[in-house]
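# Overview (structure and organization)
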Amino acid sequence: MSVRIVRVLTRVESPAEVVFHVRGEEVERVELKPMHCRRVEHALAGLPAEAVPAYVSRICGLCPIAHQIASSHAIEAALGLERPPEAALAVRKLALLAEHIKSHTLHLFLHALPELFSYAYNSPQDVFTLSKAEREYPKRMGALIAFSDRVLAELGGRGVIPMISAAGGVYSRLTAASRDKIEKRLKQAKAAVDWVRDLLYSRRLLDKAMVDKELYDLPERIKLVTSASREELWGEVKVYAAEQELKLIPAVSLLSEDYSREALLTGPAARYLARGGSIHGVMNLLSHIRIRLDEVKACIDAVEKALNEPRLYHGVLRERLKVSDSQEAAALEAPRGTLVHYYRIKRGAIAESRILTPTMINMSTMIMVANRLVELASDLAFPRDYIIGKTMAAIRLFDPCISCLYHTVEQL
Amino acid sequence: MEYGERWAVIQLSGCSGCPSAVFSSPVLQDLVYSMPVAYFPMVTDSQRVLSADIAVVSGAVCKRAEEELLKRVRESCSKLVALGTCAVYGGVVSREVESAKAVPEVVEVDQVIPGCPPPEKLVGEFLIAEVSGGEFRLPSYNVCKECPRAPLRRKPPIRVRYLEPPEELQAKACFLDHETLCLGPVTRGGCGAVCIELGVPCHGCLGPPAKSYTSQLANFLSILDIQLEKSKLMQFVSRYIRVGVL
Ligand code: SF4
Ligand code: SF4
Ligand code: SF4
């Protein structure tokens, strides 16, 4: 008889339940069940269009800027603003780069590196155990967060859910004094990236995890999803307005019965492929750690370069939008992948909305990876608890942003 | 140095902004790493809340399982803190899920720290008070006290025609002097008037400085001559707190 073992999916950005269907020592199947619920689209109905970017920032406290900018772009396009002011575009780009750094830093230090250290130390690790065992650990994580938070706070008043993008533009520009404060933290941020790189290669953390490499393989047939599918994009915010695009990407539910059979891939690995990276480089979740770290480095360099852009310091910040009835969608690269916001506006208020988050796109593949993992590990007669632990590790390594998934989970 | 009190950090329905705030400031991080953690599923493998000295709860209660978890937390932890406006008042989640409850509607709480997100300064002061055995108090003044704009000059009834400041607004004048609604007078201070610094009127995310939002709001609205559609006004004043809830 098959029994259900329910575990809390821990070390992710909002807990969920993982249900393992077990027969004896063999794990037959895995499901993910929501523990919380939100109905963001329901609450947006009737809200004035200009209030949307601030509201949707509260979908995810880890990637609020991506939601702010995607919604701003969609609303601007719907209300006839073809191109926001240059200063606004420059500020948004800088803020999104900072958010990529912060989100990847939290993923690396809170979720992925502890997973690798658990191989090196041969025991489960987390940010608290590592902050004691590896004295540099909290310091290096702190340096990267301090850098990204400084950029966000200089532009939007605070590091957590800053107020940066509005429909029609942005709230503030960079000043010479802000630039100095950001630059002061640059050196330590770069040093932190080098320190992590050293962990991965000189201390061979990645090699040590390779004993389980097979468990972390992606399905053979994957389809890329990036907002650059039609235009070159790397770290840039580009808009493509196409309501029908939404239908190309199946919205998946948390319940495994409903997940799509197609393995979709979005996020750092998909962007790496879109930039011409090798397919072999993305087919295993352990290699995504390296890709993420490279993105952090690229984003820090891009921030350093962007600080020289005159557009950041001068010019109009925001255009007034005209009230009209229309609908548009916009997509951009959020840290965890392609994010799409769609709005239908009637008399200046939201009549209908739909938000497709990276984790919704990744979820079908995550469930596939988890089910493939339990099948393989059961065939290899791995102990049941080991299989359960590694399944949770695979989900964490893939995309821990369960908050973005919850934005539209009805009460069950 | 390790402090003696064991901490539990619990997430209910919300956006993860509140718990992630503890990793957002180097000062907070230093404190956080020095505290023994009993339960913090966002970053540790803890499966069950055992006993803890202090439980910090963020998010609103939407599901029966969340309500049961919260009750278990209350039973097993000596002190319970509601962190963030979702936990304290229902926040944005209560706009989305009609049956959503704030934490104090389900269990007794020892401390609330509102804000969406809660201001780093308040979270820091609370943590320092906890580890040093000091006392933490929320500010009892309103946002106007921290506001960089000039104090309100008009006398009631104050005409209000806008929810977004008009373009010709003078940089340093009170929003209400420009016929723009601002909830600063009925909102607890502590955030440093961060929105107003950016040119955005206060939406009241920290909630009222004293108990009843609804009655304070009613008094405030009664001195205004509001020339706005009622639905737009209600959308504005109930962005973070369901009017009538308190
Ligand atoms: S109070 Fe605000 S920051 Fe905190 S969980 Fe709720 S929406 Fe997120
Ligand atoms: S009403 Fe608003 S703008 Fe005016 S003083 Fe108070 S907080 Fe400042
Ligand atoms: S100004 Fe008002 S809305 Fe803004 S953070 Fe402060 S209390 Fe919240």
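This report concerns the structure included in the present document. No experiment lies behind these values; they were computed from the predicted model shown. (Residues numbered from 1 in each chain as written. Chains lettered and ligands numbered in written order. Predicted model: local features only at pLDDT ≥ 70, side-chain atom pairs only at ≥ 80, totals over all residues. Heavy atoms only, no water.)

## A short note on the environment of Ala171(B)
Mapped onto the elements, Ala171(B) comes out in the loop between β6 (158-160) and α7 (194-197). Between the alpha carbons of Ala171(B) and Val200(B) there is a distance of 11 Å; along the sequence they are 29 residues apart. (Helix = DSSP H or I, 4+ residues; strand = E, 2+ residues; numbered from the N terminus.)

## Thoughts on the site of ligand 2
Around ligand 2, a shell composed of Cys144(B), Cys147(B), Arg149(B), Cys174(B), Phe175(B), Leu176(B), Cys182(B), Gly184(B), Pro185(B) and Ile196(B) is seen. The residue makeup of the shell around ligand 2, split by class, is 8 nonpolar, 1 polar and 1 charged. (Near = heavy atom within 4 Å. Nonpolar A, V, L, I, M, F, W, Y, C, P; charged D, E, K, R; others polar.)

## Some words on the nonpolar core
As a rule of thumb, soluble globular proteins bury nonpolar side chains together. Among the nonpolar cores identified, the biggest contains 224 residues, and Leu44(A), Leu113(A), Tyr343(A) and Phe23(B) are the most heavily contacted of them. In terms of residues, this core owes the most to one element, helix α4 (residues 86-121) of chain A, which gives 19 residues. Residues lining this core come from more than one domain, with at least three contributed by each of domain 1 (7-132) and domain 2 (143-237) of chain B. Judged by nonpolar contacts, the second largest core, of 7 residues, contains Met163(A), Tyr171(A), Cys195(B) and Val200(B). (Core = buried A, V, L, I, M, F, W, Y, C linked by side-chain atoms within 4.5 Å. Buried < 20%, exposed > 50% of the residue type's maximum accessible area, 1.4 Å probe, protein only. Domains from an automatic or database assignment.)

## Focus: the interface of chain A and chain B
Taken together, the 60 residues of chain A in the interface contact 48 residues of chain B. Taken together, the two surfaces of chain A and chain B that pack against each other cover about 4700 Å², and 56% of this comes from carbon and sulfur. Per-residue buried area on chain A facing chain B is highest for Arg58(A), Phe128(A) and Arg320(A); these three make up 14% of the total on that side. Our count for the contact surface shared by chain A and chain B stands at 5 salt bridges. A salt bridge links Arg11(A) to Asp45(B); the shortest N-O distance between them is 3.2 Å. Only β1 (3-9), α1 (40-44), α4, α5 (127-133), α6 (136-156) and α14 (384-398) of chain A provide two or more residues apiece to the side of chain A that touches chain B. With 7 residues, α6(A) is the largest single contributor of residues to the side of chain A that touches chain B. Considered class by class, the residues forming the side of chain A that touches chain B number 30 nonpolar, 14 polar and 16 charged. (Contact = heavy atoms within 4.5 Å. Buried area = accessible area lost by both parts, 1.4 Å probe. Salt bridge = Lys/Arg side-chain N within 4 Å of Asp/Glu carboxyl O.)

## Some details on the packing of aromatic side chains
In this description, an aromatic ring pair is defined by two values, namely the gap between the centres and the angle between the planes. Enumeration according to the criterion identifies 9 aromatic pairs over all chains in this entry. We note Arg149(B) situated over the ring of Phe175(B); from NZ or CZ to the ring centre the distance is 4.3 Å. (Phe/Tyr/Trp six-rings, centres within 6.5 Å; stacked < 30°, edge-to-face > 60°. Lys NZ or Arg CZ within 6 Å of the ring centre and 35° of its normal.)

## Considering the pairing of strand β9 (residues 337-346) of chain A
All names here are of chain A. Extensive coverage of β9 is indicated by the burial of 8 of its 10 residues. Bridge analysis of strand β8 (residues 326-334) against β9 gives 9 bridges, and the strand direction is antiparallel. Directly across from alanine 334, in β9, lies its bridge partner glycine 337. Hairpin connection from β8 to β9: 2 residues lie between these consecutive antiparallel strands. Pairing between β9 and strand β10 (residues 349-356): 7 bridges, direction antiparallel. Paired with valine 340 across the two strands is leucine 356, which belongs to β10. The antiparallel hairpin formed by β9 and β10 contains 2 residues in its connecting segment, where arginine 347 sits at a positive phi of about 45°. (Pairing = 2+ DSSP bridges.)

## Details of the environment of Phe23(B)
Residues and elements named next belong to chain B. Its location among the elements puts phenylalanine 23 in the loop between α1 (17-20) and α2 (26-33). Relative accessible area serves as the criterion here: at 2%, phenylalanine 23 is assigned to the buried category. With 10 residues separating them in the primary sequence, phenylalanine 23 and tyrosine 33 have C-alpha atoms 9.8 Å apart.

## Here we look at α6(A)
All names here are of chain A. Its 21 residues place the ends of α6 29 Å apart at the C-alpha level, agreeing with the 30 Å of an ideal helix rising 1.5 Å per residue. Counting buried positions along α6 yields 18 of 21 residues, so the element is predominantly enclosed. Of the residues trailing α6, glycine 157 is marked for its positive phi of about 80°. (Expected span 1.5 Å × (residues − 1).)

## Considering the packing of α6(A) against helix α8 (residues 186-201) of chain A
Residues and elements named next belong to chain A. Put simply, α6 and α8 touch, their axes get as near as 8 Å, and they point 135° apart. Considering their axes alone, α6 and α8 lie oblique with respect to each other. Handedness of the crossing formed by α6 with α8: left-handed. Residue-level inspection shows Glu136, Tyr137, Arg140, Ala143, Leu144 and Phe147 of α6 in contact with α8, the latter providing Leu186, Gln188, Ala189, Ala191, Ala192, Val193 and Trp195. Here the residues of the contact of α6 with α8 sort into 10 nonpolar, 1 polar and 2 charged. (Axes fitted to C-alpha atoms, helices over the stretch in contact; angles between N-to-C directions. Parallel < 35°, antiparallel > 145°, perpendicular 65-115°, else oblique. Left-handed = near helix turned anticlockwise from the far one by under 90°.)

## Quick notes on the sheet that holds strand β2 (residues 37-39) of chain B
Residue and element names in this part refer to chain B. Taken together, 5 strands build an open sheet; the order of strands is β2-β1-β3-β4-β5 and the sheet is parallel. Edge positions in the open sheet fall to β2 and β5 (111-113), since each of these has one partner strand only. Strand after strand, the sheet turns through a mean of 25° between neighbouring axes, direction not considered. Relative to β5, strand β4 (residues 77-83) is paired through 3 bridges, and the arrangement is parallel. Residue leucine 83 lies in a different strand from β5, and its bridge partner there is isoleucine 113. Sitting on the sheet, helix α3 (residues 64-76) touches β1 (7-11), β3 (52-58) and β4, and the angle it makes with β4 is about 135°.

Nothing here speaks to function; it is geometry throughout.
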